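Fold and geometry: a report
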Amino acid sequence: MTTTGQPSRLFALFYVLAMFGAFIAFVPLGALILPQKIANIAGVANLGGPVPALSWLLVAGGVMAGVGNLAAGHLSDSLFRRWGSRRQMVAIGLAATVVALAMVGAAESFIDLLLAMLAFQLALNFLLSPLVALTADYVPDRQKGAMAGWLGLALPAGSLSVSILVATGPIGPFAQTLLAGFMVILLVAPLAGIWPVPAPVSASIARTHDRHGASRAPGLARNFTLAWLARLLVQFAAAAILPYLYFYVADIALAGANLVEVAQGVGTLAFAFAVASIAGALGAGWLSDRFARRQPVLVTTACGVAVAMLLLATSTNWTLIIIAYALFAAALGGFLAVDSALVAQLVSHSGRRATLLGVMNLTNTLPGIMAPAATLFVIGDSVGATGMLIVLKISAGGALIAAYCASRIATPPPAISLG
């Protein structure tokens, strides 16, 4: 990939902060706010209890998110070709996400909550799609690993926001949702408002694309497919535990604990997740740039996810659970950071970067359908805790398959800069 300059520090700072805001929009929603709202909504028992009710919400939201991925990616590319910027999409996505968060907070029935979650998933993708594409647009190949490492801190930032909202527990889920929306505005608005971006690094190779904007890079389809499968399976593991963390703590890790102890347990795991994710994302991103080889890091981190999920599915010791959850966080953060850098490198030569990244982003939304669906299937007539444990074990096997897929990806060499 060619480049005429380096991304500015101001751009890097605002870009990372904006990604933090996008993750704060949805991580505490699934880990804390939704479970609390479901517990307080009448009629949930008719759906089989809180775990199945949450699963149905996640399945419906995942379907909407999948549609939103593709639509937002296509629109983002269209606006980029027309105006040479994704700023408009970021601003639209920010406004829509904040409004949808308020809808979730104000929902008083399961139907209201379902409609609000559908709106939220669509809005969130209109924010995430242009943000994710900025790495391919503006970051040179040789710096993508480091940038992806910093962007990987968005997940622990989202997890840390859970701990912050737990500390404000007495204000209730509605006020917590408004507080999350305020944090989203505070973090995303500087990028959308100032837009301190350099010239696109891929602009000078636009003439090498065919009339459909497709990349001519050899092996792209095979490598993209392997990367897609690997991320899908690792994200399935994340979807098997992250949205169910509250119920995992209440029904398995600290079974029999009161509501205050459960909330404190969730906060403890969220804090451990945040700290470990930071180390995993930054360390893995730096290593992949330093040695210019991303596959070994991907394989190692995918195996780490597998080991962590197996420990979470079999351990009843609280200390070991904390360690396993921290391992999961470090491995997940490292995998996603390096995988994001690799995928951005793969699609950089395409004029349909956001569209391709929208297809890749299905690996984030499809597990949001698959894991809840699997939970609903395996629960059957058994208790929710048993179903969660089975899905955790399945996800451990999937992570091992992800490691194999990652080992088969041919990483393209960093392109030579002309700047």
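1. Some thoughts on the environment of Ala119
Following the sequence through the fold, Ala119 ends up in helix H4 (residues 110-138). Judged by its relative accessible area of 27%, Ala119 is partly exposed. For the pair Ala119 and Leu101, spaced 18 residues apart in sequence, the C-alpha to C-alpha distance is 8.9 Å.

2. A short note on the environment of Ala192
On the secondary structure map, Ala192 appears in helix H7 (residues 172-194). The exposure class assigned to Ala192 is buried, which follows from its relative accessible area of 12%. C-alpha separation for the pair Ala192 and Arg86, spaced 106 residues apart in sequence, amounts to 9.2 Å. When residues no more than four places from it in sequence are discounted, the contact partners of Ala192 are Arg87, Val90 and Ala91.

3. Considering the packing of aromatic side chains
All chains considered together, the criterion is met by seven aromatic pairs. Between Tyr246 and Phe247 the ring centres are 5.8 Å apart and the planes differ by 90°, which places this aromatic pair in the edge-to-face class. With centroids separated by 5.8 Å and ring planes inclined at 40°, the aromatic side chains of Tyr325 and Phe328 adopt a geometry described as tilted. With Tyr325 and Phe328 both in helix H12 (residues 318-347) and three residues apart, this pair spans about one turn of that helix. A relative accessible area of 0% means that Phe328 is categorised as buried. Taken together, the ring pairs in this structure connect Phe11, Tyr15 and Tyr138 into an aromatic cluster. Just above the ring of Trp83 sits the side chain of Arg82; from NZ or CZ to the centre is 5.9 Å. Over the ring of Phe80 we find Arg86, and its NZ or CZ is 4.4 Å from the ring centre.

4. Side note on helix H1 (residues 9-39)
Helix length check: H1 (31 residues) gives 44 Å between terminal C-alpha atoms against 45 Å at 1.5 Å per residue, within 8%. Most pronounced at Leu29, the bend in H1 amounts to some 55°. With 23 of its 31 residues buried, H1 lies for the most part within the structure.

5. Considering the confidence of the model for the chain
Averaged over every residue, the pLDDT of the chain is 83; residues scoring 70 or more account for 87%. Element-level mean pLDDT values for the chain span from 78 in helix H14 (residues 362-379) up to 95 in helix H11 (residues 295-314).

6. A closer look at the side chain of Ser277
With respect to the helices, strands and loops of the structure, Ser277 is situated in helix H10 (residues 259-290). When its relative accessible area of 0% is taken as the criterion, Ser277 is described as buried. Polar side-chain contacts of Ser277 include one of 3.4 Å to the backbone oxygen of Ala329.

7. Describing the pattern of salt bridges
Tallied over the entire structure, the rule returns four salt bridges. A salt bridge links Arg86 to Asp77; its shortest N-O distance comes to 3.4 Å. Residue Arg86 is classed as buried on the basis of its relative accessible area of 1%. With a shortest N-O distance of 3.2 Å, Arg294 and Asp289 are connected by a salt bridge. Among the charged side chains, a network of salt bridges with common partners joins Asp77, Arg86 and Asp137.

8. A short note on H7
Along its 23 residues, H7 runs 34 Å from first to last C-alpha, staying within 8% of the 33 Å computed at 1.5 Å per residue. Residue Val188 marks the point of greatest curvature in H7, where the axis turns by about 40°; the proline Pro190 follows within four residues. Looking only at H7, the buried set comprises Gly172, Pro173, Gln176, Thr177, Ala180, Gly181, Met183, Val184, Leu187, Val188, Leu191 and Ala192. Contacts from the buried residues of H7 go to H1, helix H3 (87-106), H4 and helix H6 (154-167). Phi for Trp195, located one or two positions after H7, is positive at around 50°.

Calculation criteria
- Residues numbered from 1 in each chain as written.
- Predicted model: local features only at pLDDT ≥ 70, side-chain atom pairs only at ≥ 80, totals over all residues.
- Heavy atoms only, no water.
- Helix = DSSP H or I, 4+ residues; strand = E, 2+ residues; numbered from the N terminus.
- Buried < 20%, exposed > 50% of the residue type's maximum accessible area, 1.4 Å probe, protein only.
- Contact = heavy atoms within 4.5 Å.
- Phe/Tyr/Trp six-rings, centres within 6.5 Å; stacked < 30°, edge-to-face > 60°.
- Lys NZ or Arg CZ within 6 Å of the ring centre and 35° of its normal.
- Expected span 1.5 Å × (residues − 1).
- Bend = angle between axes of the 7 residues up to and from the residue.
- pLDDT = per-residue confidence, 0-100.
- Polar contact = N/O pair within 3.5 Å; in protein donor to acceptor, adjacent residues only side chain to side chain.
- Salt bridge = Lys/Arg side-chain N within 4 Å of Asp/Glu carboxyl O.

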